[in-house]
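Coordinate analysis (summary)
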Amino acid sequence: MSRHNERPSDSGPAIVVDKVSVRYASGQWALENVSLTLESSSICALLGINGSGKSTLCKAIMGFLPPASGRVAIFKHAVRHAQRRNIMAYVPQVEEIDWDFPVSVYDVVMMGRQGRMGFLRIPARADRVAVETSLARVGIADLAKRQIGALSGGQKKRVFLARALAQESRIMVLDEPFTGVDATTENAIIDILKQLRDEGMTILVVTHNLSVVPEYCDTVAMINRNLIAFGKTEHVFTPANLAQAFGGVLRQFPLDLLAQEREPVQEHLP
Amino acid sequence: MIDTLLMPFSYGFMARSIWVGGSVGVVCALLSCFIILKGWSLLGDALSHAVVPGVAIAYWLGLPFVLGAFVSGLLAVLGIGVVRGNSALKGDAVIGVVFTAFFALGFLLISLNPSTISLTTILFGNLLGISSGDAWQLVAIAGGCIVIIALRWKDLLLYCFDEQHARALGFNVRYLNILLLAMMSLTAVAALQTVGAILVIAMLITPGATAYLLTDRFGHMLWIAPLVGGLTAMTGAYLSFFFDTSVGGLIVVLQTLVFLIAFMLAPRHGLLAHRRRWQQEASS
């Protein structure tokens with residue numbers, strides 16, 4: 001089984017979600033007929049209310065949940081194939097992790113390298129360098145020896161971002177990386193995501209922090225079991241679509257202000 | 001005095017039970033590290049009971065009991081999977097139904113054919129009376145599992161810690177799942193011979209739980225747990241020579257004593273350490 005990060009000769013879209021439907025064990029539909037195409041070197045925000053199927057879509061893309069119908073293609077190949085080539089990284093929600101587990105920050109980030117190690121999984125020099133670089137990049141090099149439970153909310157997010165960085169993947173899926181973090185961490189994560197995009201990575205990020213979405217996301221997808229809207233941020237991130245995606249629950253984000261905020265987006269561009 | 005202390009070793013069956021007990025203690029303890037972290041304690045209990053019908057049938061047909069135990073353990077896991085996947089029942093209820101069904105079936109088979117293997121042996125183990133053929137099977141199981149864990153512990157750790165990440169890296173999690181379950185079935189039957197079906201679960205949980213209290217590093221757990229499991233099993237077998245007690249009971253009581261000491265005195269997770277921290281926080 002080859003575990004190298006081969007660059008596929010074919011270019012084209014990084015992620016194609018084609019008419020994907022996912023069913024819960026109870027028989028209810030979690031996702032129905034969702035189609036998206038994410039190009040290389042782009043960041044896509046995935047928006048929707050709680051229970052709208054955002055995490056389900058992430059997991060279907062990562063290959064953790066089998067679609068009931070439809071298919072996901074990663075660089076034109078099946079997800080299974082992409083997993084073996086080590087090109088997909090996943091940053092889970094905080095609740096999905098057992099924080100009492102007896103592993104250190106360094107151990108967890110080293111797990112990002114495990115697909116590249118030999119039979120006995122003994123880290124090579126390149127693996128240690130990748131881990132140290134990733135820890136430094138997210139600003140937690142000094143916490144390497146800490147047990148993961150002894151971290152703040154923001155630090156916990158940084159650990160799993162570092163693990164994804166150490167993986168040196170081409171696609172990164174982040175499920176709510178900004179929930180429960182302070183503004184400093186949020187800005188730090190956004191900066192890293194922008195750098196990664198400029199390095200050619202394709203990023204899908206589930207977020208509830210709508211106000212900063214136009215600042216770093218190239219495309220936006222809104223779902224509520226079905227796809228509500230998908231496209232370039234400037235076309236899709238509109239009060240009408242947001243109202244449809246969030247219905248009456250969108251309180252912290254005044255829709256009428258949004259229209260005025262649309263223009264200054266240009267100022268962020270060089 | 002020294003002569004008295006060394007006396008157990010002059011009996012072949014005693015020396016054998018000390019070594020067999022020790023190796024079973026070590027392998028159970030190694031697996032217990034994964035079991036407690038994966039949250040599979042109840043499943044371990046289930047497996048240790050579910051192997052009983054397999055053991056009975058294997059003895060009946062004159063096959064190696066390991067084979068019977070393995071097949072019956074896997075059937076139980078399969079049964080749990082099928083019922084869970086096709087009902088809204090909670091996991092622990094499903095496990096409860098399936099493992100008691102297997103255990104009851106085992107009882108029935110043994111009582112139908114009591115000459116081959118006695119119920120007491122199954123329930124309470126018979127380390128001192130173990131035949132040399134069975135002893136070799138147990139040592140082979142223990143050795144095999146120890147080698148597999150030595151080679152594969154990092155993948156098993158990844159699987160226990162974050163199954164999704166293991167999948168994202170292209171690891172075959174179904175294979176890791178089966179590997180862990182298969183080793184649990186095999187060690188369950190090994191422990192069944194030493195301490196009996198009722199106490200197997202202690203061997204598969206307590207050493208790992210003790211190690212967990214003593215360290216924050218999984219790598220260290222993999223040394224502490226087998227040390228505790230192996231030494232307590234050997235000591236238990238050795239002491240039973242003088243006290244004429246149930247070996248299984250003695251081993252598990254010793255393991256519990258070590259656990260209690262760790263629970264009180266562990267440097268960071270012990271009761272006293274917690275107490276100290278509360279007092280410091282209260283005074284500051």
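For the structure given in this document, a descriptive report is provided here. (Residues numbered from 1 in each chain as written. Chains lettered and ligands numbered in written order. Predicted model: local features only at pLDDT ≥ 70, side-chain atom pairs only at ≥ 80, totals over all residues. Heavy atoms only, no water.)

Section: the nonpolar core
Judged by nonpolar contacts, the single largest core of 140 residues is most densely connected at Leu-47, Ile-148, Met-172, Leu-193 and Tyr-216 of chain A together with Phe-161 and Leu-180 of chain B. If you tally residues by element for this core, the top one is helix α10 (residues 173–195) of chain B, at 14 residues. In this structure Leu-193 of chain A touches Ile-43, Leu-174, Phe-178, Ile-203 and Tyr-216 of chain A, once residues within four positions along its chain are discounted. With 32 residues, the next largest nonpolar core counts Ala-14, Leu-38, Ile-87 and Ala-221 of chain A among its residues. (Core = buried A, V, L, I, M, F, W, Y, C linked by side-chain atoms within 4.5 Å. Buried < 20%, exposed > 50% of the residue type's maximum accessible area, 1.4 Å probe, protein only. Helix = DSSP H or I, 4+ residues; strand = E, 2+ residues; numbered from the N terminus. Contact = heavy atoms within 4.5 Å.)

With respect to unusual backbone geometry
Residue and element names in this part refer to chain A. Its identity is not glycine, yet Ser-41 carries a phi of approximately 55 degrees, on the positive side. Summarising the element assignment, Ser-41 is placed in the loop between β2 (29–38) and β3 (42–47). A relative accessible area of 36% means that Ser-41 is categorised as partly exposed. With phi around 65 degrees, Asn-86 is a residue other than glycine that occupies positive phi space. Here Asn-86 lies in the loop between α2 (79–84) and β6 (88–91).

Things to note about the interface of chain B and chain A
Between chain B and chain A, the contact holds 24 residues from the first and 37 residues from the second. Approximately 2600 Å² of surface area, both sides summed, lies buried where chain B meets chain A, with 55% of it carried by carbon and sulfur atoms. Among the residues chain B hides against chain A, the three largest losses belong to Phe-161, Gln-164 and Leu-169 of chain B. Together they make up 27% of the total. For the pair chain B and chain A, the interface holds three salt bridges. Its salt-bridge partner being Asp-162 of chain B, residue Arg-163 of chain A comes within 2.9 Å of it at the nearest N-O pair. Across the chain B-chain A interface, the total number found is twelve residue pairs in polar contact (both at pLDDT 80 or more). (Buried area = accessible area lost by both parts, 1.4 Å probe. Salt bridge = Lys/Arg side-chain N within 4 Å of Asp/Glu carboxyl O. Polar contact = N/O pair within 3.5 Å; in protein donor to acceptor, adjacent residues only side chain to side chain.)

Overview of the sheet that holds strand β7 (residues 171–175) of chain A
All names here are of chain A. The strand order β6-β7-β8-β3-β9-β10 describes an open sheet built from six strands, whose pairing is mixed. Both edges of this open sheet fall to β6 and β10 (226–232), since each of them pairs with a single strand only. Across the sheet, the mean angle separating the axes of adjacent strands is 15 degrees when strand polarity is ignored. Pairing between β6 and β7: four bridges, direction parallel. In the sheet register, Tyr-90 faces β7, and the bridge partner there is Val-173. (Pairing = 2+ DSSP bridges. Axes fitted to C-alpha atoms, helices over the stretch in contact; angles between N-to-C directions.)

Describing the packing of helix α3 (residues 41–50) of chain B against α10 of chain B
When two helices pack together, their arrangement is given by the angle between the helix axes and by the axis-to-axis distance. Residues and elements named next belong to chain B. Running from amino to carboxyl end, α3 crosses α10 at an angle of 60 degrees, the nearest separation of the two axes being 9 Å. Of the possible angle classes, the one that applies to α3 and α10 is oblique. In the crossing of α3 with α10, the sense of the turn from one axis to the other is right-handed. Two secondary-structure elements touch here, α3 through Leu-43, Gly-44, Leu-47 and Ser-48 and α10 through Leu-181, Met-184, Ser-185, Ala-188 and Leu-192. (Parallel < 35°, antiparallel > 145°, perpendicular 65-115°, else oblique. Left-handed = near helix turned anticlockwise from the far one by under 90°.)

Some thoughts on the sheet that holds strand β1 (residues 15–23) of chain A
All names here are of chain A. With antiparallel pairing, four strands are arranged side by side in an open sheet as β2-β1-β4-β5. In this open sheet, the two strands that pair with only one neighbour each are β2 and β5 (77–78). Examined bridge by bridge, β1 and strand β4 (residues 69–74) share five bridges and lie antiparallel to one another. Pairing of Asp-18 across the sheet is with Arg-71, part of β4.

Regarding the pairing of strand β8 (residues 202–206) of chain A
Residue and element names in this part refer to chain A. A large share of β8 lies buried, amounting to five of its five residues. Alternating positions in β8 separate into two faces, Thr-202, Leu-204 and Val-206 on one and Ile-203 and Val-205 on the other, with burial throughout. As paired strands, β3 and β8 are joined by five bridges and run parallel to one another. Following the sheet pairing, Ala-45 is matched in β8 by Val-205. As paired strands, β7 and β8 are joined by five bridges and run parallel to one another.

Considering the pattern of salt bridges
In total, this model carries 15 salt bridges over all chains according to the counting rule given. Close ionic contact of Asp-18 of chain A with Lys-19 of chain A constitutes a salt bridge, the shortest N to O distance being 4.0 Å. Asp-155 of chain B is paired through a salt bridge with Arg-121 of chain A; the nearest N and O atoms lie 2.7 Å apart. Taken together, the residues span two chains, with Asp-155 of chain B in helix α8 (residues 132–161) and Arg-121 of chain A in the loop between α3 (105–110) and α4 (125–137). Across the pair, Arg-121 of chain A and Asp-155 of chain B agree in class, each one buried.

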